[in-house]
Structure formats: structure tokens, C-alpha cells
Amino acid sequence: MRMQVVEDGKPGQASDKDKLPAIPITVAGGDGIGPEIMASVLSILVAAGAHLDAEFVEVGEQVYLRGNTSGIPQEAWDSIARTGVMLKAPITTPQGGGYKSLNVTMRKTLGLYANVRPCRTYKPVVETRHPDMDVVIVRENEEDLYAGIEHRQTQDVAQCLKLITRRGSERIARYAFEYARKQGRRKVTCMVKDNIMKVTDGLFHRVFDEVAQEYPEIEAKSQIVDFGMANFVHRPEEYDVVVLPNLYGDILSDIAAQMTGSVGLGGSVNIGSGGAIFEAIHGSAPDLPGDVANPSGLLLAGVEMLRHLGRGAVAAKVMNAWLCTLEDGIHTRDIAGQHTAEHAGTRRFTEAVIERLGSRPEKLPAVAEPAESAEVEEESSAIAIEIRSRVREEKVLAGVDVFVDWDGIGPDELAIRLQAAAGVLFELKMITNRGVKVWPNGREETLCTDHWRCRFEAGGRKIEDVAELLLKLANSGIEFIKTEHLYRFDGKPGYSMGQGQ
Ligand code: NAD
């Protein structure tokens, strides 16, 4: 369904007063509180003069229940392909097997590699234990443990593959620095766990450091993620932009959102080569009755969407009216506290924002309003990223880790069987169990499962030699369940050494 939204907040024909051309966007009303907060946000955007040509699509629970396991019908994909921009209310994922995460499907299909979540507090009008927080979390959205590559390999052991790429790391690091530059932010902090995951998180960290060199005016810092998150909760004012791989980013962005005072205050954007999806950070809140939800998260997502579309003046007008509403103490239930003057439902809060369009806040910092012009196109906040590095290092096969499913007595016995089967092509160097070296010189106390990594090494071998080794193992009744080849890159090992070495 396509319709133009005009000044009374209802679908209709654009009025003569409209100066700017209507911009096509895709709108998904969502589930639970979704339709209610979407109606609120659209009426505010329209009253502010954002001329949007909205294509309404249905995604989410009803689509799932009709048998579409992704929750996204073809019409929705077609609409996003046309508009490149979606304003999306939260959806409900039905419980039980078979349903895919709509958000993950959209991110991956559209290549939305960055999740950007500004999290700030509104001192003194919204109560929070962290009054001085103004951060932006930039989360890598496609890689890491979210590649969805998982296997159960033995009776005892399941694994999930963590994939970090140089290109993906460069793109997100560059996005974080470009964002900081464009928004006048001064510092970018990277959080990783490369004291443990030296190869994967080590790559993310190395690329971050390389990219940081190109932005000398911005302070670049890296922290081990466990300390980093603990410190973030303690001293959020030390952070400005934080960039993280997918899983850590998922966790920190929820922590940061909660710290602002309410999940109802957070908006975010998933952005990438195939478009941008603007949404609140919270879910469909099925526990809430009608006319209670805070529409602010979706409204702030809408403000970011306007900036992305080059409508910075309207975005600033909406933002200032919203800040005035908070400042005047008109609060929804989730943010009510000692500064609340009026407890507002969703509808009253929406009216209050509309009434304040054109006003500027006094206690909270106002957003500068660029002059609106029908003639001059405003600059979009969108950031185009070009991946520059293309590393080619000499790659040499140095051996193979053969993973074996075996529930025999102990590693010494396994080593004897492996050595007898392997012959002279490769030398058995070590056996680990859950990453701990158990042969040679293992310790009795180490808990061993039925999943053994058996490292064979030899210089100057080819891939055919690995195949021959595997055939020999198979012929000796050794059940290998997977292999990982050991490569050296420009002479440096591209693999971990195993704990206990
Ligand atoms: P939720 O975010 O919906 O709710 C968590 C808590 O926050 C609840 O107490 C809720 O009442 C409150 N809350 C959320 N939004 C609020 C608002 N705008 N104003 C006031 N209070 C608000 O998380 P949940 O309960 O874990 O998930 C409910 C459903 O939402 C699930 O089906 C989940 O899969 C889905 N979900 C969707 C998205 C999305 O579409 N982006 C994100 C998260 C969860």
C-alpha cells in the first residue's frame, strides 16, 4: 500500500504548502506496541513537515503465522529494494522452532554490516545512575559467531565457528572513524579479546589500529572487552564511539541502552550497501497495555532516518520538540521520576511533542537547526565506505589439525594409533582436548571429552598429502570428523598454538 503522509498525520494528498519533494520510504508497523508507536512517530514527522512517501508493508508475526518462516513477504523485499530505507516498528517472533530471526535475515540479505546505536542520558530530566553518558555503539553486524555455522561433531561436543575477516573488520573500523569525524566526536574505542583469541580478535584489533592511523585527529584506544565493559558501566563518560565485533557489540549495545534510563529511549540503524533500516532498540513489549508505550526510541530512529535522507532541518525540529517535552516533565511511565510533571500515555506524549514543534529546549542542549530550503539539497548523514586494503601474503602449508571422535582410554593410546596409521608424511606434534594439550606430557587432571585435535606437521607438503594422510587414518579405523589446515603467512603461523604449550 502506497500513500503520501501529510500534515494531519493521516494518509492523503500532499498539500500546496509542501516545499520539499516527498521521499519514498518503506514503513513496517510491526506487532504488539509497534502499530501504536509507529502511528505516533509518523504523525510527529508529518506535523514537522517531513514529506515522506510511505509504502506500508507487513512483516512479522502474522506473516510468520501464515507459514513464511522468515516473516518477510516478497512485497516487503521489493519495497525496500525500491526505497532503500525502512522505518520498522518492533515485531514479535513466535516462540517455538522453525522461525528465523527477521532482523538477522534482513541484515544479512541486505548487507547491513553496521549497527549504530547512539545512547545518551538526558540529565537532569530523565533519572539514571549514569548522568554523563553520550556514546555511540558501532557493532559489526554480519560476522563473528553470528555466521550461523554450528555443528555437533561427537556425542559430547558441539562447535560454533567464529569468522572474522580483514575486509569486514576494515569496513566497520572505517565506518566508526568516519562516523566520529562526521559527527565531530573525538575518540573511538575498540573492544576485543585478543589476549585469548589472538588470530580472530587479533585480526580485528590489528585492522582497527591500521585504520586509526588515517584519522590522526581522533583518539584511538583499544581495551580487552571484559575490562572494557566493566569500565564502561562504571565510567561511561570516558567513552565516545565504541566499535566492536558482533557478539560483544550485541551485549554492550543492550547494556548501554539500559543505562540511559529506559529501553524505550533508544533508536538504532542497521546500515550497509543494500540500504538502511531504522528502528527502536526494544521489542514489541507484548506485556504492555495500550496507550502506555514510550514512542521515543522509534522517534529517534525516525530522526536519524531524516538525517540520512538529507532532511537535517526537520530532524532538528523534531529533536528539539522532543527534548522540550522531556524537559517540561511530560513523561511516559517507563521514564517517570522526580522530574515528572505529567504522566502521559502514548497519545498524550505524541500531542505534547507536536505542540512543541518550533520550540527549543533550555535545560537540555538544543540541536542546531539548519535552514530549510526547497532549492538546496541538504547533506545526507549517510557514510560511504571504501575498503582499501588487499593483503596478499605468501601462504604455505605447514601441517594439518585432524579432529578425531574417539572415546578410548587416554591420549597416549590415541597417539600410538595415530603414529602407526600416519606413516612418514607428517609428524604427530601434539594432541589437545578442548584446546588443552594432553599429549605429549599431558596431566591426569585434565578433563577429556571424545573430541581430540591431533596436530600433524611437515614442511613442503601439498594438499594431496593431507588427503593421503586422512585416507590412511580412515583405513586404520580412526574417525576423523573435521580438519583445519595449518598455514604460514609470510612465515608467520596463521593458527593458535594450543594452551599448555
Ligand atoms: P521488549 O523490549 O519488548 O520488552 C522488554 C521490557 O521493556 C518489557 O518490560 C517492556 O514492557 C519494556 N518496554 C519495551 N519497549 C518499551 C517502550 N517503548 N515503552 C515502555 N516500555 C517498554 O523485549 P522482550 O519482552 O524480550 O521481547 C518481546 C518480543 O519482541 C519478542 O517476540 C522478541 O522476539 C521481540 N523483539 C523484537 C525486536 C525487534 O523487532 N527489533 C527486538 C527485541 C525483541
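This is a predicted model, so every value here is computed, not measured. (Residues numbered from 1 in each chain as written. Predicted model: local features only at pLDDT ≥ 70, side-chain atom pairs only at ≥ 80, totals over all residues. Heavy atoms only, no water.)

Chemist: Help me understand the overall build of the protein chain in this model?
Modeler: Scanning the protein chain for helices and strands turns up 13 helices and 22 strands. The principal-axis extent of the C-alpha atoms belonging to the protein chain is close to 85 × 50 × 45 Å. The buried share among the 501 residues of the protein chain stands at 52%. (Helix = DSSP H or I, 4+ residues; strand = E, 2+ residues; numbered from the N terminus. Buried < 20%, exposed > 50% of the residue type's maximum accessible area, 1.4 Å probe, protein only.)

Chemist: Mind showing me how you'd approach the pattern of salt bridges here?
Modeler: Going through the model one piece at a time under the given rule, you end up with 31 salt bridges. One salt bridge in this structure joins Lys193 and Asp226, with 2.7 Å as the shortest N-O distance. Linking Lys193 in the loop between strand S10 (187-192) and helix H6 (200-212) with Asp226 in helix H7 (residues 225-234), this pair joins segments that are 33 residues apart in sequence. What makes Lys193 buried here is its relative accessible area of 18%. A salt bridge links Glu427 to Lys429; the nearest nitrogen and oxygen atoms lie 3.8 Å apart. (Salt bridge = Lys/Arg side-chain N within 4 Å of Asp/Glu carboxyl O.)

Chemist: Explanation requested: the site of the ligand in the structure shown.
Modeler: Around the ligand, 19 residues are found, and the nearest of them are Ile91, Gly283, Ala285, Asp287 and Asn294. At 2.6 Å, a backbone N or O of Gly283 approaches an oxygen atom of the ligand. The contact in question runs from an oxygen atom of the ligand to an N or O atom on the backbone of Ser284, over 3.0 Å. Protein contact buries 65% of the 810 Å² of open area that the ligand shows by itself. Classifying every residue of the shell around the ligand by side-chain character gives eight nonpolar, seven polar and four charged. (Near = heavy atom within 4 Å. Polar contact = N/O pair within 3.5 Å; in protein donor to acceptor, adjacent residues only side chain to side chain. Areas by Shrake-Rupley, 256 points an atom, 1.4 Å probe, with all protein chains shown as cover. Nonpolar A, V, L, I, M, F, W, Y, C, P; charged D, E, K, R; others polar.)

Chemist: How should a positive patch on the surface be read in this particular structure?
Modeler: A grouping of Arg167, Arg390, Arg392 and Lys395 is seen on the molecular surface, where their side chains present a positively charged patch. Assignment of secondary structure puts Arg167 in helix H5 (residues 166-183). (Patch = residues over 30% accessible without salt bridge, like charges linked within 9 Å, V, L, I, M, F, W, Y side chains within 5 Å. Lys, Arg positive; Asp, Glu negative; His and termini not counted. Charge placed at Lys NZ, Arg CZ, Asp CG, Glu CD.)

Chemist: What am I meant to see in the sheet that holds strand S19 (residues 436-439) here?
Modeler: Ordered by their spatial adjacency, six strands build an open sheet running S19-S18-S20-S17-S21-S22, and the pairing between neighbours is antiparallel. Each having just a single partner strand, S19 and strand S22 (492-493) make up the two edges of the open sheet. Across seven bridges, strand S17 (residues 395-405) lies against strand S20 (residues 451-457) in antiparallel orientation. Counterpart to Gly399 in the pairing with S20 is Glu457. Where helix H12 (residues 411-422) meets the sheet, it contacts S17, strand S18 (427-433), S19 and S20, and its direction lies at approximately 145 degrees from that of S18. (Pairing = 2+ DSSP bridges. Contact = heavy atoms within 4.5 Å. Axes fitted to C-alpha atoms, helices over the stretch in contact; angles between N-to-C directions.)

Chemist: What's the story with the domain arrangement of the protein chain in this structure? I'm lost.
Modeler: Interfaces are often sized by the amount of accessible area the parts lose when they come together. For the protein chain, the assigned domains are domain 1 (1-111 + 260-373), domain 2 (129-257) and domain 3 (395-493). For domain 1 versus domain 2, the distance between C-alpha centres works out to 27 Å. Here domain 1 packs against domain 2, burying approximately 800 Å² in sum over the two surfaces, 44% of which is carbon and sulfur. The three residues of domain 1 that bury the most area against domain 2 are Arg107, Lys108 and Thr260, which together make up 57% of that side's buried surface. On the surface where domain 1 and domain 2 come into contact, there are zero salt bridges. Our enumeration of links across domain 1 and domain 2 arrives at five residue pairs in polar contact (both at pLDDT 80 or more). (Domains from an automatic or database assignment. Buried area = accessible area lost by both parts, 1.4 Å probe.)

Chemist: Explain the pairing of strand S11 (residues 219-224) here, please?
Modeler: Remark: a regular strand shows side chains that alternate across the two faces of the sheet. As paired elements, S10 and S11 share six bridges and run parallel to each other. Across the sheet, Cys190 pairs through a bridge with Ser222, a residue of S11. In this view, the connection linking S10 to its parallel neighbour S11 by way of H6 has right-handed handedness. (Right-handed = clockwise from strand over helix to strand, strands pointing away.)

Chemist: What should I look at first to understand helix H3 (residues 74-83) in this one?
Modeler: Residues Ala76, Trp77, Ser79, Ile80 and Thr83 constitute the buried set of H3. Burial along H3 is one-sided: seen end-on, the buried residues are contained in an arc of 165 degrees. For H3, exposure combined with an orientation more than 90 degrees from the buried face picks out Glu75, Ala81 and Arg82. In this structure, the buried residues of H3 make contact with strand S3 (23-28), strand S4 (52-57), strand S5 (85-88) and helix H4 (102-110). (Arc of directions from axis to C-beta.)

Chemist: Looking at this model, I keep getting lost on the nonpolar core. Mind explaining?
Modeler: Among soluble globular proteins, nonpolar side chains are generally buried collectively. If you look at the biggest cluster of nonpolar residues, it comprises 79 residues, and the most contacted ones within it are Tyr122 and Trp322. Among the elements that make up this core, the one with the highest residue count is helix H10 (residues 312-327) (eight residues). Counting only domains with at least three residues in this core, you end up with domain 1 (1-111 + 260-373) and domain 2 (129-257). Residues Val400, Ala422, Phe426 and Leu473 belong to the second largest nonpolar core, which totals 25 residues. (Core = buried A, V, L, I, M, F, W, Y, C linked by side-chain atoms within 4.5 Å.)

Chemist: Even after reading the chapter, I still don't get the layout of surface pockets, so can you show me in this structure?
Modeler: Rolling a probe over the atoms, with the probe sized like a water molecule, indicates the empty space that remains. In this structure, the largest pocket spans a volume of roughly 2400 Å³. In terms of lining, the largest pocket is formed by 49 residues, of which the most central are Val199, Thr200, Gly494, Tyr495 and Ser496. Going through the elements one at a time, strand S9 (158-160), H5, H6, S17, S18, S20, strand S21 (480-489) and S22 are the ones with two or more residues in the lining of the largest pocket. Broken down by element, the residue count for the lining of the largest pocket peaks at six residues, all from S21. For the lining of the largest pocket, the class distribution of residues is 20 nonpolar, 13 polar and 16 charged. Mapped onto the lining of the second largest pocket, the elements with two or more residues apiece are strand S6 (114-120), strand S7 (134-140), H5, strand S13 (267-272), helix H9 (296-308) and H10. The element contributing the most residues to the lining of the second largest pocket is H9, with five residues. When its residues are assigned to classes, the lining of the second largest pocket shows 20 nonpolar, ten polar and nine charged. (1 Å grid on protein atoms, 1.4 Å probe; cavity = no way out; pocket = protein on both sides within 12 Å on 5 of 7 lines; lining within 4 Å. Points joined across faces, edges and corners; volume = space filled by probe spheres on them.)

Chemist: Is there a simple way to explain the packing of helix H1 (residues 34-47) against H9 in this structure?
Modeler: Taken N-terminus to C-terminus, the directions of H1 and H9 make an angle of 40 degrees; their axes are 9 Å apart at the nearest point. On the basis of their axis angle, the class for H1 and H9 is oblique. H1 and H9 meet at a crossing whose hand is right-handed. Note on element contacts: H9 touches H1 through Leu298, Leu299, Met305 and Leu306, opposite Ile37, Met38, Val41, Ile44 and Leu45. Per-class residue counts for the contact of H1 with H9 are nine nonpolar, no polar and no charged. (Parallel < 35°, antiparallel > 145°, perpendicular 65-115°, else oblique. Left-handed = near helix turned anticlockwise from the far one by under 90°.)

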